[in-house]
Amino acid sequence: MANPKRKISRSKRDMRRAHWMGGQTSHNIIACDNCGEKMISHRACPSCGHYRGKSVINPQNS
Ligand SMILES: [Zn+2]
């Protein structure tokens, strides 16, 4: 039967898992131009609703 020749060591297993989602921090978290809040790049800011210098969605308070 086709089987791996040896058991994968804890080290090798964990090296593989280091690349899984959540293993690394996201690259696309930036600070909002308008309010400075952390936000996902290329998306409207969730706290102030701004995207590329103008308001595109209404924030909660208005
Ligand atoms: Zn903002």
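Computed from a predicted model, the values in this text were never measured in an experiment.

Novice: So what's going on with the coordination of the zinc ion? Which residues, and what values?
Specialist: Donor atoms from the polypeptide that coordinate the zinc ion comprise Cys32 (SG), Cys35 (SG), Cys45 (SG) and Cys48 (SG), at 2.2 to 2.3 Å from the metal. Considering all four donor atoms around the zinc ion, the spread of angles at the metal, 107 to 117°, places the coordination shape in the tetrahedral class. Judged by relative accessible area, cysteine 32 falls into the buried class, the value being 7%. Take cysteine 48: its relative accessible area is 12%, and that puts it in the buried class.

Novice: Break down the layout of surface pockets for me, with residues and values.
Specialist: With a probe scaled to a water molecule rolled over the atoms, the places where space remains empty come into view. Here the largest pocket defines a volume of roughly 190 Å³. Looking at the lining of the largest pocket, the elements with two or more residues in it are strand 1 (29-31) and strand 3 (50-51). Class assignment of the residues belonging to the lining of the largest pocket gives a composition of five nonpolar, five polar and two charged.

Novice: Would you mind going over the side chain of serine 41 in detail, with residue names and values included?
Specialist: If you trace the backbone, serine 41 turns up in the loop between strand 2 (38-40) and strand 3. Within the local environment of serine 41, its side chain forms a polar contact with the side chain of histidine 42, the two groups lying 3.4 Å apart.

Novice: Lay out the environment of serine 41 with the relevant residues and their values.
Specialist: Of the residues examined, serine 41 reaches a relative accessible area of 15% and is grouped as buried. Taking the C-alpha atoms as reference, serine 41 lies 9.3 Å from tyrosine 51; in sequence the two are ten residues apart. Those residues in contact with serine 41 that lie beyond four places of it in its chain are Asn28 and Ile30.

Novice: Which residues make up the confidence of the model for the chain, and what values go with them?
Specialist: Averaged over all residues, the pLDDT of the chain is 82; the fraction at 70 or higher stands at 84%. By mean pLDDT, the top-scoring element of the chain is helix 1 (residues 10-17) (91), and the lowest-scoring one is strand 4 (residues 54-55) (76).

The rules behind these values
Residues numbered from 1 in each chain as written. Predicted model: local features only at pLDDT ≥ 70, side-chain atom pairs only at ≥ 80, totals over all residues. Heavy atoms only, no water. Donors = N, O, S within 2.8 Å, 3.2 Å for Na, K, Ca; no water. Tetrahedral: all angles 85-135°; square planar, octahedral: opposite > 155°, others 65-115°. Buried < 20%, exposed > 50% of the residue type's maximum accessible area, 1.4 Å probe, protein only. 1 Å grid on protein atoms, 1.4 Å probe; cavity = no way out; pocket = protein on both sides within 12 Å on 5 of 7 lines; lining within 4 Å. Points joined across faces, edges and corners; volume = space filled by probe spheres on them. Helix = DSSP H or I, 4+ residues; strand = E, 2+ residues; numbered from the N terminus. Nonpolar A, V, L, I, M, F, W, Y, C, P; charged D, E, K, R; others polar. Polar contact = N/O pair within 3.5 Å; in protein donor to acceptor, adjacent residues only side chain to side chain. Contact = heavy atoms within 4.5 Å. pLDDT = per-residue confidence, 0-100.

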